[in-house]
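So the chains spell out like this:
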Amino acid sequence: MTIFEALRISHDIQRELAQKLIATQGDSAERHALFSQLKQELAVHSVAEERHFYIPLMQQDAGVDLSRHAIAEHHQMDEMIEDLEETDPSSPSWLAQAKALAEKVEHHLKEEEHTFFQMAGKLLRDKEKRQLAGDYLSAYDEMKQAS
């Protein structure tokens, strides 16, 4: 498995959770559970991805701007999560904020898969792609179990 395949597993989980979340209504147990799951998935994925994909890419000049952009988007999503945590889940603004988060997540994942992965594919050797996948999955699994 390559790093790109490993990252796509979490990407698919994020897409599914985000879509389910914006289909919820009111201050329901389902909304709380899905928000909690999405928040955890985004947090675990972004930390493992930054450590085992973006930081290695930053070691090459051609990977610096791409990595900074992606890490900045992770930070934006973190702030959107914090805003949602401070908003009443029964209010219409909560759903509007959740939809904005879902759109940001989708934008970010699309950009990674269609632009970043192609550039990274040229910068990383095949052995690195496999090694980073193992490192990413180990960190992801460890953090997922700890949270």
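None of the values given here were measured: they were computed from a predicted structure. (Residues numbered from 1 in each chain as written. Predicted model: local features only at pLDDT ≥ 70, side-chain atom pairs only at ≥ 80, totals over all residues. Heavy atoms only, no water.)

1. Things to note about the packing of helix α1 (residues 3-22) against helix α2 (residues 29-58)
For clarity, the threshold we go by: Note on method: axes are straight lines fitted to C-alpha atoms, helices fitted across the in-contact stretch only, with angles between N-to-C directions ranging 0 to 180 degrees. A run of H or I in DSSP counts as a helix once it spans at least four residues, and a run of E counts as a strand once it spans at least two, with each numbered from the N terminus. Small angles under 35 degrees read as roughly parallel and large ones over 145 as roughly antiparallel, with 65 to 115 read as roughly perpendicular and the rest as oblique. Here is the rule for handedness: rotate from the far helix to the near one, and if that takes an anticlockwise turn smaller than a right angle the crossing is left-handed, while a clockwise turn gives right-handed. Two residues form a contact once any of their heavy atoms are found within 4.5 Å. Under this grouping Gly is polar, as are all residues other than the nonpolar Ala, Val, Leu, Ile, Met, Phe, Trp, Tyr, Cys and Pro and the charged Asp, Glu, Lys and Arg.
Following both chains from N to C, one finds α1 and α2 inclined at 160°, their axes separated by 9 Å at the closest point. In this view, α1 runs roughly antiparallel relative to α2, as classed from their interaxial angle. The handedness of the crossing between α1 and α2 is left-handed. Only Arg-31, Leu-34, Phe-35, Gln-37, Leu-38, Glu-41, Leu-42, His-45, Glu-49, His-52 and Phe-53 of α2 make contact with α1, whose side of the interface consists of Ile-3, Phe-4, Leu-7, Ser-10, His-11, Ile-13, Gln-14, Leu-17, Ala-18, Lys-20 and Leu-21. A class-by-class count of the residues in the contact of α1 with α2 yields 12 nonpolar, six polar and four charged.

2. Section: the environment of Ala-33
Topologically, Ala-33 is positioned in helix α2. For the pair Ala-33 and Leu-21, spaced 12 residues apart in the sequence, the C-alpha separation amounts to 9.0 Å.

3. Brief notes about the environment of Glu-41
Just so we agree on the cut-off: Classification of residues uses two cut-offs on accessible area relative to the type maximum, computed with a 1.4 Å probe and protein chains only: under 20% is buried, over 50% is exposed, and between them is partly exposed. Nitrogen and oxygen atoms within 3.5 Å of one another constitute a polar contact, given that in protein one can donate a hydrogen and the other can accept it, and given that sequence-neighbouring residues count only through two side-chain atoms.
Along the chain, Glu-41 falls in helix α2. Owing to a relative accessible area of 0%, Glu-41 belongs among the buried residues under this scheme. As for Glu-41 and Glu-79, which are separated by 38 residues in sequence, their C-alpha atoms are 15 Å apart. In this structure, Glu-41 is in contact with Ser-10, Ile-13, Gln-14, Leu-17, Tyr-140 and Lys-144, ignoring residues within four places of it in sequence. Among the polar contacts listed, one links the side chain of Glu-41 to the side chain of Ser-10, at a separation of 2.5 Å.

4. Here we look at the pattern of salt bridges
Two side chains with opposite charge may pair up if their charged atoms get near one another. Quick reminder of the rule: The salt bridge criterion pairs a side-chain nitrogen of Lys or Arg with a carboxyl oxygen of Asp or Glu, the two atoms within 4 Å.
Within this structure, the stated rule accounts for nine salt bridges. Between Arg-15 and Asp-12 there is a salt bridge whose closest N-O contact spans 3.7 Å. Separated by three residues within a single helix, Arg-15 and Asp-12 lie in helix α1, roughly one turn from each other. For Asp-12, a relative accessible area of 48% translates into the label partly exposed. A salt bridge links Glu-16 to Lys-20, with the shortest nitrogen-to-oxygen separation between them at 2.9 Å. Of this pair, Glu-16 and Lys-20 both sit in helix α1, separated by four residues, roughly a single helical turn. By relative accessible area, which is 41% here, Lys-20 ends up partly exposed. Ionic contacts of the salt-bridge type, sharing partners, join the residues Asp-12, Arg-15, Glu-106 and Glu-113 into one network.

5. Considerations on helix α3 (residues 61-85)
Residue pairs three or four apart in sequence face the same way in an α-helix, which turns once every 3.6 residues. Defined as follows: The span one expects for a helix is its residue count, reduced by one, times 1.5 Å.
With 25 residues, α3 extends 37 Å between its outermost C-alpha atoms, agreeing within 8% with the 36 Å of an ideal straight helix rising 1.5 Å per residue. Turning to α3, its buried residues number three or more, namely Gly-63, Val-64, Leu-66, Ser-67, Ala-70, Glu-73, His-74, Met-77, Ile-81 and Leu-84. Residues of α3 that are buried sit in contact with α2 and α4 (92-123).

6. Details of the side chain of Ser-10
For Ser-10, the location among the structural elements is in helix α1. Other than its neighbours up to four places away in sequence, Ser-10 contacts Glu-41, His-45, Tyr-136 and Tyr-140.

7. Remarks on the packing of aromatic side chains
Centre-to-centre distance and the angle between the planes together describe a pair of aromatic rings. Rules: Only rings of Phe, Tyr and Trp enter the pairing, Trp through its six-membered ring, and a pair is recorded when the two centres are within 6.5 Å. The plane angle decides the type: under 30 degrees is stacked, over 60 is edge-to-face, the rest tilted.
For the structure on display, the rule yields seven aromatic pairs. Centre to centre, the rings of Phe-53 and Phe-117 are 5.8 Å apart; their planes meet at 85°, and the pair counts as edge-to-face. With Phe-53 in helix α2 and Phe-117 in helix α4, this pair connects stretches of sequence that are 64 residues apart. Of the two residues examined, Phe-53 and Phe-117, each falls in the buried class. Here the aromatic rings of Tyr-54 and Phe-116 are separated by 6.3 Å at their centres, their planes lie at 90°, and the arrangement is edge-to-face. With Tyr-54 in helix α2 and Phe-116 in helix α4, this pair connects stretches of sequence that are 62 residues apart. Of the residues examined, Tyr-54 reaches a relative accessible area of 0% and is grouped as buried. A residue is classified by how much of its surface remains accessible, and Phe-116, at 5% relative accessible area, is buried.

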